[in-house]
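# Examination of the molecular architecture
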Amino acid sequence: LTAQAASALQKNETRLRHEEYADIDWNNLGFGLRPTDYMYKSKCTSHNTFQQGQLIDYGNVELSPAAGVLNYGQGLFEGMKAVRGEDGRVLLFRPDQNAIRMQIGAERMCMQSPSVEQFVDAVKQTAIANKRWIPPPGKGSLYIRPLLIGTGPILGLSPAHEYTFLVYASPVGNYFKEGTAPLNLYVHNEFHRTTRGGVGGVKSITNYAPVLKPLLRAKEQGFSDVVYLDSVHKKYIEEVSSCNIFLVKGDVISTPSTIGTILEGITRKSIIDIAQDLGYKVVERLVAIDELMEADEVFTTGTAVTVATVGSITYNGQRVEYKTGDGLLSQRLYKRLVGIQVGKIEDKHNWVVEI
Ligand code: COI
């Protein structure tokens, strides 16, 4: 490019970055990565606090081949969503909870972590800098992915001496290719997600690659996702590859208690509060697979997934189908959660943060 052409391109790019909406098809957002304009980056060496971070152009990061994250999996991620309310406000949902979860995970993985204030500030900056990628109201959200990784080089097994905190974002629609149609889940008794004493309760990157094999196998057979059983008794349900799970029997809602093997989902705990606000009894306990098969209704929760109705579960060659359609509790909970998130329903818990 000539210098003149490069400068014209740069000007065009700057102009585009200020337009209200990016030029994409907002009606067909799935859950794929769509690179946006900026990401946030901050570093820290061990025994120090994170430096003041900054927004930089979205792009590749350079890593030492000996980085702790590449060799020994020293990494955590978070997931959250920024939405546009109908009144044009940009809203986040409980970002302090993601910050606290990252701190708890960092402690388990022997990593330095950003303060809650720095985490929330980084998320806000990333959302606002990429505002043109936040879908129009009702079309989806800007999925924000904070990452904390050991970037210092190490060879022997030990914590890295340098950590990087990155936040990037991508506009998304429905997580499952089924859209909002009921999910068909497959229960695995051969593969487990985590074990007692492991890191299943924190958002370690190492919890996700091991589920790819059972997940792909299940998808090949037409299932949406996999339900994992506990690795000791092979009897109690734990969670789904991408989300937590709930069952409804009569007017009682049950979900597996978080005993270190189950991710402490922020949507999970918000749904527990919303269900209780609506007068339902919610019990966190050990839930046997047989009870899941006999439930009236089953649903899953997660940031990416929101609240998804389950239409069937297949376990040991047996398939059970649940009620779907209008009047489901999962749909009521979904509407209430999303209504609060987009500023349409009163936020009595003070969960929503306006940027
Ligand atoms: C989320 O729901 O935000 C997650 O982190 C799950 C991931 C598998 C997309």
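Counting restarts for each chain: residues are numbered from 1 in the order of the written sequence. This being a predicted model, a pLDDT of at least 70 is required before a residue's local features are given, and a value of 80 or more before pairs of side-chain atoms are given or counted; all residues contribute to the totals for chains, interfaces and linings.

## Regarding the overall build of the chain
Numbered from the N terminus, helices here are DSSP runs of H or I no shorter than four residues, and strands are runs of E no shorter than two. The helix and strand inventory of the chain stands at eight helices and 17 strands. On C-alpha atoms alone, the chain measures out to a radius of gyration of 21 Å, which is about the 20 Å that the 2.2 N^0.38 rule sets for 355 residues. Taking all 355 residues of the chain together, 43% fall into the buried category. Considering only contacts in the chain between residues 6 or more positions apart, those separated by 24 or more positions represent 70%. Note that the radius of gyration is over C-alpha atoms, with the globule rule given as 2.2 Å times the number of residues to the power 0.38. Each residue is classified by how many other C-beta atoms fall within 10 Å of its C-beta atom, where C-beta atoms are placed from the backbone; a count of 20 or more means buried, 12 or fewer means exposed, and values in between mean partly exposed. Distance between backbone-placed C-beta atoms decides contact: two residues are in contact if it is within 7 Å.

## Some details on unusual backbone geometry
A positive phi angle, near 50 degrees, is found at Arg94, a position not held by glycine. If you trace the backbone, Arg94 turns up in the loop between β5 (90-93) and α3 (95-108). Overall, Arg94 belongs to the buried group, with 20 C-beta atoms counted inside 10 Å.

## Some remarks on the UniProt feature "modified residue: N6-(pyridoxal phosphate)lysine" (unreviewed entry) in the chain
In the numbering adopted here, UniProt assigns the feature "modified residue: N6-(pyridoxal phosphate)lysine" (unreviewed entry) to Lys203. Note that Lys203 resides in the loop between β8 (183-188) and α5 (212-220). Accessibility expressed as a C-beta count within 10 Å gives 24 for Lys203, which makes it buried. For Lys203, the contacting residues outside a window of four places in its chain are Leu76, Phe77, Glu78, Arg101, Gly105 and Leu263. UniProt positions are given in the numbering used here, feature names are shortened, and annotations may be inferred rather than shown by experiment.

## Quick notes on the environment of Gly339
Structurally, the position occupied by Gly339 is in helix α8 (residues 329-341). With 80 residues separating them along the chain, Gly339 and Ile259 place their C-alpha atoms 30 Å apart.

## Some points on the pairing of β5
We call two strands paired when DSSP finds no fewer than two bridges between them. Pairing geometry for strand β4 (residues 80-84) and β5, over three bridges, is antiparallel. Within the sheet, the bridge partner assigned to Arg84 lies in β5 and is Val90. Taking the residues that link successive antiparallel strands as the turn, the β4-β5 hairpin has five residues, and the phi of Gly88 there is positive, at about 90 degrees.

## As for the site of the ligand
Each residue gets a C-beta atom placed from its backbone. If that atom is within 6 Å of a molecule or strand, the residue is near it. What surrounds the ligand is the set Gly79, Ser242, Gly302, Thr303, Ala304 and Val305. Three classes are used, and their members are as follows: Ala, Val, Leu, Ile, Met, Phe, Trp, Tyr, Cys and Pro are nonpolar, Asp, Glu, Lys and Arg are charged, and the others, Gly among them, are polar. Here the residues of the shell around the ligand are counted per class, giving two nonpolar, four polar and no charged.

## A look at the confidence of the model for the chain
Known as pLDDT, the predictor's per-residue confidence is scaled from 0 to 100. With 97% of its residues at a pLDDT of 70 or more, the chain has an overall mean of 94. Complex prediction metrics read pTM 0.94 and ipTM 0.97.

## Points about the nonpolar core
Only buried Ala, Val, Leu, Ile, Met, Phe, Trp, Tyr and Cys residues enter a nonpolar core, and they are joined through C-beta atoms within 7 Å. Ranked by internal contacts, the top residues of the largest apolar core, which has 85 residues, are Ile144, Leu185, Val226, Val227 and Val298. Considering every element that reaches this core, the biggest residue donor is strand β7 (residues 162-172), with seven residues. Those residues in contact with Leu185, other than ones at most four positions away along the chain, are Phe223, Ser224, Asp225, Val226, Val227, Val240, Val310 and Ile313.

## A closer look at the packing of helix α6 (residues 266-277) against α8
Their axes nearest at 10 Å, the elements α6 and α8 cross at an angle of 110 degrees. In this view, α6 runs roughly perpendicular relative to α8, as classed from their interaxial angle. Packed against α6, whose contacting residues are Ser270, Ile271, Ile274 and Ala275, the element α8 presents Leu333, Arg336 and Leu337 at the interface. Of the residues that constitute the contact of α6 with α8, the class distribution is five nonpolar, one polar and one charged. The angle between two axes is taken between their N-to-C directions and runs from 0 to 180 degrees, where each axis is a line fitted to C-alpha atoms and a helix contributes only its stretch in contact. When an angle is under 35 degrees it counts as roughly parallel; over 145 it counts as roughly antiparallel; between 65 and 115 it counts as roughly perpendicular; any other value is oblique.

## With respect to the pairing of β8
With respect to burial, β8 is a largely interior element, five of its six residues being buried. Note that β8 and strand β15 (residues 306-315) share four bridges and pair parallel. Bridging from a neighbouring strand, Leu183 pairs with Val310 of β15. Sheet topology places β8 next to strand β9 (residues 225-229); four bridges connect them, and they run parallel. Note on β9: the bridge partner recorded for His188 is Tyr228. Tracing the backbone out of β8, into α5 and back to the parallel element β9 gives a crossover that is right-handed. Here a crossover is taken to be right-handed if, once the strands point away from the viewer, the path from the first strand over the helix to the second is traced clockwise.

## With respect to the packing of α3 against helix α4 (residues 116-129)
A pair of packed helices is characterised by two quantities: the angle between their axes and the separation of those axes. Remark: α3 packs on α4, axes separated minimally by 9 Å, with the N-to-C direction vectors making an angle of 125 degrees. The angle between the axes of α3 and α4 places the two elements in the oblique class. The crossing of α3 and α4 is right-handed. In this structure, α3 contributes Pro95, Asp96, Ala99, Ile100 and Met102 to the contact, and α4 contributes Val116, Phe119, Val120 and Val123. The sense of a crossing depends on the near helix, which, turned anticlockwise from the far helix by less than a right angle, makes the crossing left-handed and, turned clockwise, makes it right-handed.

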